[in-house]
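Chains, contacts and geometry: an overview
Now for the letters of each chain:
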Amino acid sequence: MIPELESLREQVDEELKTARTEAEFQALRIRYLGRKGLLTGLLRNIANVQPDQRPLFGKRCNELKEFVSAKIDQHLAELAVSEKEKSLRTERIDVTLPGRAVRYGSLHPITKVRDEICGIFAGLGFSIEEGPEIELDYYNFEALNIPADHPARDMHDTFYVDEKRVLRTHTSPVEIRTMQKNSPPIRIISPGKVYRRDSDISHTPMFHQIEGLLVDKGITLANLKGVLTHFLKKMFGEETAVRFRPSYFPFTEPSAEVDIRCVICGGKGCRVCKQSGWLEILGAGMTHPQVFKNVGYDPEIYSGFAFGLGLERIAMLKYGISDIRLFFEGDLRFLEQF
Ligand code: PHE
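None of the values given here were measured: they were computed from a predicted structure.

**Some thoughts on the overall build of the chain**
The helix and strand tally for the chain stands at 11 helices and nine strands. Oriented by its inertia axes, the alpha-carbon framework of the chain measures out at about 120 × 50 × 35 Å. Counting only residues that meet the buried cut, the chain has 40% of its 338 residues in that class. With the model as given, the accessible surface of the chain reaches about 19,500 Å², and the carbon-plus-sulfur share is 52%. Charge centroids of the chain, computed over 46 positive and 48 negative side chains, lie 3 Å from each other.

This is the structure:
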């Protein structure tokens, strides 16, 4: 039996010399050391060996097994090293090549304007409130003193969801929701999306507004003028001229529209200000006593003012953009400029 071992050993030596690849060494391992391998088979035949020779036979078999296993491991390790060296030699990295430029995202111009406006009012102690975009007719109209047959509803080009619900046409319903939840003093602004059936170079069916509301004892039109003038000078520059024109909203009395001197032509008259020298920027007014009654505030005790402004219009003026639709097309060539 020992001679058989000897010849197996020579055979292994020979095959170890000729094997080259990892696959060949793995095959060798299976051929000799696998469960049905040659060496394993030999060891299984130990019963045929004369009893007095069995210990030696077993010992030799195991030695050969370990020898073969160690040899294969050694060859595989050498192979790995030389593979690595080969790839280091051939796959050279050219560290002088220019890197790939990282593309930075940027904030949408509407987001930037919104954040800037919220920042100015935060500095005056206003906090931020939000309300639903699908709104009850009651909050969007009724509670704001716009009953069903009121002609002011015509101004709104409303999208109706069903009998009772609309896509809000302005952010003013947040005034009502805020007053219902809290008692005075109140000082909030509310940015958000609003919807009207309208679409041309300066109107889109969805656009953004910011609402403002301040309620306390002893609030007057002078407070409204002071706060809004401060805001407009912060937003458009200290030298900006501001003008208040009488206007009408059902939920404020008196009401005003607020203009700034045209930022494009400086007041001389141009296409953007339609030769008037002024730009209409926001609607505002002293909260109507009926609105206070609708939320359970006593108009004899409290007074306040509200305002609403369109973000797209302000962004267009600030960045010199002539078509409102650019804000919603998602064209990176446009957006990357901000
Ligand atoms: N909600 C009005 C609009 O969308 C703007 C406004 C808000 C006017 C608050 C007065 C007070 O036109």
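**Quick word on the site of the ligand**
If you check the shell around the ligand, you find 14 residues, and the closest are H170, S172, R196, Q209 and E211. Contacts to the ligand include H170, whose side-chain N or O atom sits 3.0 Å from a nitrogen atom. S172 has a polar side-chain atom sitting 2.9 Å from a nitrogen atom of the ligand. When the free accessible area of the ligand is taken as 330 Å², the share hidden by the protein chains comes to 91%. Elements that contribute at least two residues to the shell around the ligand include exactly β5 (206-216), β8 (278-287) and β9 (303-310).

**Some remarks on the pattern of salt bridges**
Summed over all chains, the structure comprises 17 salt bridges. For D259, the salt bridge identified is with R245, shortest N-O distance 2.8 Å. Here D259, found in strand β7 (residues 252-261), pairs with R245, found in strand β6 (residues 242-249); they are 14 residues apart in sequence, far enough to count as distant. When its relative accessible area of 2% is taken as the criterion, D259 is described as buried. For E280, the salt bridge is made with R245, and the minimal N-O distance between the two is 4.0 Å. Residue E280 is located in strand β8, and its partner R245 is located in strand β6; the two are separated by 35 residues in the primary sequence.

**Some thoughts on a nonpolar patch on the surface**
A grouping of V263, I264 and V272 is seen on the molecular surface, where their side chains present a nonpolar patch of about 210 Å² in accessible area. Here V263 lies in the loop between β7 and β8.

**Notes on the pairing of β6**
Pairing of β6 with β7 involves seven bridges; the strand directions are antiparallel. Paired with R243 across the two strands is D259, which belongs to β7. Connecting β6 to the antiparallel partner β7 that follows it, the hairpin turn spans two residues.

**Here we look at the side chain of H208**
By the secondary structure assignment, H208 is in strand β5. The buried category is assigned to H208, whose relative accessible area is 13%. There is a polar contact of 2.6 Å between the side chain of H208 and the side chain of E312.

**Examining the environment of I176**
The topology assignment puts I176 in helix α7 (residues 173-181). Residue class for I176 comes out buried when judged on its relative accessible area of 0%. For I176 and G310, which are 134 residues apart along the polypeptide, the C-alpha to C-alpha distance reads 19 Å. Among all residues touching I176, those that are not within four sequence positions of it are Y139, A143, L144, V291 and V295.

**Quick notes on unusual backbone geometry**
The phi torsion of most residues other than glycine is negative, and most of the peptide bonds are trans. In this structure, the amide linkage connecting P184 to the following residue, P185, adopts the cis form with an omega of 0°. Structurally, P185 can be placed in the loop between α7 and β4 (186-195). Between E253 and the following residue, P254, the backbone shows a cis peptide bond with an omega angle of -5°. Tracing the sequence through the fold places P254 in strand β7.

Conventions and cut-offs
Residues numbered from 1 in each chain as written. Predicted model: local features only at pLDDT ≥ 70, side-chain atom pairs only at ≥ 80, totals over all residues. Heavy atoms only, no water. Helix = DSSP H or I, 4+ residues; strand = E, 2+ residues; numbered from the N terminus. Buried < 20%, exposed > 50% of the residue type's maximum accessible area, 1.4 Å probe, protein only. Areas by Shrake-Rupley, 256 points an atom, 1.4 Å probe, with all protein chains shown as cover. Lys, Arg positive; Asp, Glu negative; His and termini not counted. Charge placed at Lys NZ, Arg CZ, Asp CG, Glu CD. Near = heavy atom within 4 Å. Polar contact = N/O pair within 3.5 Å; in protein donor to acceptor, adjacent residues only side chain to side chain. Salt bridge = Lys/Arg side-chain N within 4 Å of Asp/Glu carboxyl O. Patch = residues over 30% accessible without salt bridge, like charges linked within 9 Å, V, L, I, M, F, W, Y side chains within 5 Å. Pairing = 2+ DSSP bridges. Contact = heavy atoms within 4.5 Å.

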